[in-house]
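Results of the structural survey
The residues making up each chain are set out below.
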Amino acid sequence: MDKILVTGGLGFIGSHTVVELQNEGYEVVIVDDLSNSSIDVLDGITAITDKKPLFEKLDLKDKTGVERFFAKHQDIKGVIHFAASKAVGESVNEPLLYYENNLSTLIYILKELKKLPEASFIFSSSCTVYGQADELPITENAPVKQAESPYGNTKQIGEEIIGDTCKVTPTLKAITLRYFNPIGSHESAKIGELPIGVPQNLVPFITQTAIGLREQLSVFGDDYPTHDGTCIRDYIHVVDLAKAHVVALGRLLKNKNGSNYETFNLGTGKGSTVLEVVQSFERVSGKKLNYKIVGRREGDIISAYADTNKANNVLGWKTQLSLDEAMRSAWLWEQKVKSSK
Ligand code: WQD
């Protein structure tokens with residue numbers, strides 16, 4: 001079976017994707033620098049799939065290290081590139097760190113892929129490239145808006161780097177996946193999201209509040225023009241998201257792609273408000289969540305959810321899991337993290 005490199009394979013989305021790749025029989029090599037992940041995740045993946053993926057600790061900013069890695073693994077058929085820094089706020093304070101981390105690593109990998117007789121490449125991008133879209137749901141043709149942060153800009157520039165490279169490299173096939181809001185964890189609770197410090201994202205903040213690590217969830221604004229006044233997002237179960245990567249990779253490996261650079265939105269197509277996410281949590285956990293409404297968070301867009309037609313009809317993938325299932329798995333994982341401390 002084909003050998004696939006997964007960069008950032010011990011991270012949140014990366015680890016779930018490695019599980020789905022191994023479930024489909026792929027041979028996986030993980031590269032991760034452990035800067036925002038734990039080596040224990042390898043055990044979780046192994047326990048779920050009964051197979052230990054190959055692992056190499058490598059900082060992809062080390063160009064020579066990347067060259068050495070590819071020289072050792074000349075049989076790599078595809079790369080799923082998750083490794084990146086992803087904290088929006090931090091990127092505003094440390095722009096060079098973000099541009100270097102997220103773009104130099106991408107360039108070094110693409111340079112190696114150019115040398116191969118044939119290569120498939122999947123890139124983690126984000127719905128953040130659309131900003132506040134003029135029309136909802138958001139299709140892949142919606143204009144890319146001026147990035148709100150250096151982090152967002154690295155995704156936009158990253159997409160352009162891949163597009164420019166594909167134009168002149170017929171042996172390279174690439175797909176960019178624009179994620180909406182990934183949440184939840186594997187149903188086994190053996191892997192999940194491990195935010196470092198105070199979570200910035202809604203769902204880990206909810207589960208950490210419910211478990212007693214945080215006192216109260218602040219709901220940022222209830223005066224938006226939505227049905228309950230709170231912001232709308234498209235929350236997608238990470239297992240559904242992970243499976244989309246396997247489908248996208250298969251499309252490239254089997255030469256089913258329509259062109260050598262394609263873009264797909266990955267979302268459920270359904271928008272949920274912050275309060276609906278809180279209600280879903282309360283429903284599946286049987287716990288009341290301590291929250292209060294506070295002022296708006298700077299930079300938040302009002303509403304974003306995906307038009308899933310292209311992913312459904314062209315990629316041939318659709319989500320199978322509900323918001324409640326995602327919230328149940330997130331809660332199970334939070335309890336597991338607490339009990340293993
Ligand atoms: C969701 C909603 C908040 C925390 C994400 C990623 C970001 C980027 C885009 C990555 C919003 C509200 C949150 C809290 C709250 N993509 N909220 N209280 O803003 O969509 O950004 O997608 O590639 O990196 O973070 O997600 O989870 O931060 O917020 O009320 O304590 O929850 O205002 O409406 P967002 P989020």
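Our subject in this report is the structure included herewith. Quick caveat, the model's predicted, so the values are computed rather than measured.

Structural notes on the pairing of strand β3 (residues 54–57)
Note that strand β2 (residues 27–32) and β3 share four bridges and pair parallel. For Ile 30, the partnering residue across the bridge sits in β3 and is Phe 55.

Side note on the pattern of salt bridges
Between side chains of opposite charge, pairing is possible as soon as their charged atoms come close. Overall, the coordinates contain 15 salt bridges when judged by the stated rule. Across the pair Lys 3 and Asp 75 runs a salt bridge, and its minimum N-O distance is 3.1 Å. Placement of Lys 3 in strand β1 (residues 3–7) and of Asp 75 in the loop between α3 (63–72) and β4 (76–81) is noted, with a sequence separation of 72 residues between them. In this structure Lys 3 comes out as buried when scored by relative accessible area, which is 9%. Classification of Asp 75 as partly exposed rests on a relative accessible area of 39%. Of the charged contacts in the structure, one is a salt bridge between Arg 283 and Asp 324, with a shortest N-O distance of 2.9 Å. Residue Arg 283 is found in helix α9 (residues 274–285), and its partner Asp 324 is found in helix α11 (residues 323–339); the two are separated by 41 residues along the sequence. On the accessibility criterion, Arg 283 (54% relative accessible area) is exposed. It is possible to trace a salt-bridge network through shared partners that takes in Arg 233, Arg 297 and Asp 300.

Here's the deal with the sheet that holds β1
The strand order across the open sheet formed by seven strands is β3-β2-β1-β4-β5-β6-β11, and the pairing between neighbours is parallel. Single-partner strands in this sheet number two, and they are β3 and β11 (261–266). Between one strand and the next, the sheet's axes are offset by a mean angle of 20°, whatever the strand orientation. Summarising the sheet, strand β6 (residues 172–179) and β11 pair through six bridges and their orientation is parallel. Its bridge partner lying in β11, Ile 175 is registered against Glu 262. The strands touched by helix α6 (residues 150–167) within the sheet are β5 (119–126), β6 and β11, with β5 carrying the most contacts at an inclination of about 155°.

A closer look at helix α8 (residues 238–253)
The end-to-end C-alpha separation of α8 is 23 Å, in line with the 22 Å expected for 16 residues at 1.5 Å each. Along α8, 13 of the 16 residues are buried, which leaves the element largely enclosed by surrounding structure. Positive backbone phi, at 55°, marks Asn 255, one or two positions downstream of α8.

Considerations on the packing of aromatic side chains
Here a ring pair, both rings aromatic, is described through the centre-centre distance and the interplanar angle of the planes. In this structure the tally under the stated criterion is three aromatic pairs. Considering the side-chain rings of Phe 281 and Trp 331, the 5.3 Å spacing of their centres and the 85° angle between planes classify their relative orientation as edge-to-face. Here the residue Phe 281 occupies a position in helix α9, and Trp 331 occupies one in helix α11, the gap between them amounting to 50 residues. The exposure classification of Phe 281 matches that of Trp 331, with both residues buried. One Lys or Arg, Arg 296, reaches over the ring of Tyr 224 and ends 4.0 Å from the middle of that ring. It is Lys 310 that lies over the ring of Phe 264; its NZ or CZ is 4.9 Å from the centre.

A short note on the site of the ligand
Inspection of the region around the ligand gives 19 residues, with Tyr 151, Asn 201, Ser 218, Arg 233 and Asp 300 positioned closest. The contact in question runs from a nitrogen atom of the ligand to an N or O atom on the backbone of Ser 218, over 2.7 Å. In the complex, 86% of the free accessible area of the ligand, which totals 680 Å², lies under the protein chains. Elements that contribute at least two residues to the shell around the ligand include exactly α7 (202–211) and β8 (217–220). Tallying contributions element by element places β8 first for the shell around the ligand, with four residues. Of the residues contributing to the shell around the ligand, the split by class is 10 nonpolar, five polar and four charged.

Rules and cut-offs
- Residues numbered from 1 in each chain as written.
- Predicted model: local features only at pLDDT ≥ 70, side-chain atom pairs only at ≥ 80, totals over all residues.
- Heavy atoms only, no water.
- Pairing = 2+ DSSP bridges.
- Helix = DSSP H or I, 4+ residues; strand = E, 2+ residues; numbered from the N terminus.
- Salt bridge = Lys/Arg side-chain N within 4 Å of Asp/Glu carboxyl O.
- Buried < 20%, exposed > 50% of the residue type's maximum accessible area, 1.4 Å probe, protein only.
- Axes fitted to C-alpha atoms, helices over the stretch in contact; angles between N-to-C directions.
- Contact = heavy atoms within 4.5 Å.
- Expected span 1.5 Å × (residues − 1).
- Phe/Tyr/Trp six-rings, centres within 6.5 Å; stacked < 30°, edge-to-face > 60°.
- Lys NZ or Arg CZ within 6 Å of the ring centre and 35° of its normal.
- Near = heavy atom within 4 Å.
- Polar contact = N/O pair within 3.5 Å; in protein donor to acceptor, adjacent residues only side chain to side chain.
- Areas by Shrake-Rupley, 256 points an atom, 1.4 Å probe, with all protein chains shown as cover.
- Nonpolar A, V, L, I, M, F, W, Y, C, P; charged D, E, K, R; others polar.

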